[in-house]
Amino acid sequence: QVQLVESGGGLVQPGGSLRLSCDGSKLTQSYGARAWFRQAPGKEREAVSAMTITGLNTWYADSVKSRFTISEDDAKITMYLRMNSLKTEDTRVHYCAVQTWPSGLLNVDTYDSWGEGTQVSLSK
């Protein structure tokens, strides 16, 4: 069952901004952490940013730190990834994911639910 739905991707010029959203309204169980991953063709899926419940702990990949901001709404239904100063290297399919409890926040295998992805593309 697809329990997460990403949106907000698109084509943007280098230096531009996008805000990705992850709709978790169809989740049937509570969770301990949420994260954003990204993947380029032929490459492994890698963590971009992660957060525990209510954002008590957050993590960012070095490549996006200071440019991206992870957050969620007060109801903890929707997660966001605000992406500023986008670079060509940010061209990826981005996925949101949820795990039952905070464990191995950067490990794809620890996540229980995934969206189907939203494409972020930088113009050349």
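Please refer to the structure placed before this passage.
Residues numbered from 1 in each chain as written. Predicted model: local features only at pLDDT ≥ 70, side-chain atom pairs only at ≥ 80, totals over all residues. Heavy atoms only, no water.

Working definition: the strands of a sheet are paired by backbone hydrogen bonds and lie parallel or antiparallel to each other. The strand order β1-β3-β8-β7 describes an open sheet built from four strands, whose pairing is antiparallel. With one partner strand each, in any of the chains shown, β1 (5–7) and β7 (68–72) form the two edges of the open sheet. Across the sheet, the mean angle separating the axes of adjacent strands is 15 degrees when strand polarity is ignored. As paired elements, β1 and strand β3 (residues 18–23) share three bridges and run antiparallel to each other. Its bridge partner lying in β3, Glu6 is registered against Cys22. (Pairing = 2+ DSSP bridges. Helix = DSSP H or I, 4+ residues; strand = E, 2+ residues; numbered from the N terminus. Axes fitted to C-alpha atoms, helices over the stretch in contact; angles between N-to-C directions.)

This part covers the environment of Ala35. Among the secondary structure elements, Ala35 is positioned in strand β4 (residues 33–39). With relative accessibility at 0%, the residue Ala35 sits in the buried group. C-alpha of Ala35 to C-alpha of Met79: the two residues are 44 residues apart in sequence and 8.6 Å apart in space. (Buried < 20%, exposed > 50% of the residue type's maximum accessible area, 1.4 Å probe, protein only.)

A few words now on unusual backbone geometry. With phi around 80 degrees, Ser66 is a residue other than glycine that occupies positive phi space. Take Ser66: it is sitting in the loop between β6 (58–60) and β7. On the basis of relative accessible area, Ser66 is assigned to the exposed category, the value being 77%. Of note in this structure, Ser85 is not a glycine but carries a positive phi near 50 degrees. By secondary structure assignment, the location of Ser85 is in the loop between β8 (78–83) and β9 (92–99). On the basis of relative accessibility, which here comes to 40%, the residue Ser85 falls in the partly exposed class.

So, about the pairing of β7. Burial of β7 is one-sided: the residues Phe68, Ile70 and Glu72 facing one way are buried, the residues Thr69 and Ser71 facing the other way are not. Pairing of β7 with β8, which is carried by five bridges, proceeds in the antiparallel orientation. Note on β8: the bridge partner recorded for Phe68 is Met83. The antiparallel pairing of β7 with β8 creates a hairpin that spans five residues between the two strands, and Lys76 there sits at a positive phi of about 60 degrees.

Further remarks concern the packing of aromatic side chains. Here the structure, examined in full by the defined rule, presents three aromatic pairs. Look at Phe37 and Tyr111: their rings are 5.1 Å apart centre to centre, the planes differ by 80 degrees, and that puts the pair in the edge-to-face class. Residue Phe37 is found in strand β4, and its partner Tyr111 is found in the loop between β9 and β10 (113–114); the two are separated by 74 residues along the sequence. Overall, Phe37 belongs to the buried group, its relative accessible area being 0%. Judged by relative accessible area, Tyr111 falls into the buried class, the value being 6%. Here a set of aromatic residues connected by ring pairs shows up, and it is made of Phe37, Tyr111 and Trp114. (Phe/Tyr/Trp six-rings, centres within 6.5 Å; stacked < 30°, edge-to-face > 60°.)

Counting through the fold element by element, Ser49 comes out in strand β5 (residues 46–52). Given the relative accessible area of 0%, Ser49 is considered buried. With 22 residues separating them in the primary sequence, Ser49 and Ser71 have C-alpha atoms 9.9 Å apart. Excluding residues within four positions of it along the chain, Ser49 makes contact with Ala35, Trp36, Trp59, Tyr60, Ile70 and Leu81. (Contact = heavy atoms within 4.5 Å.)

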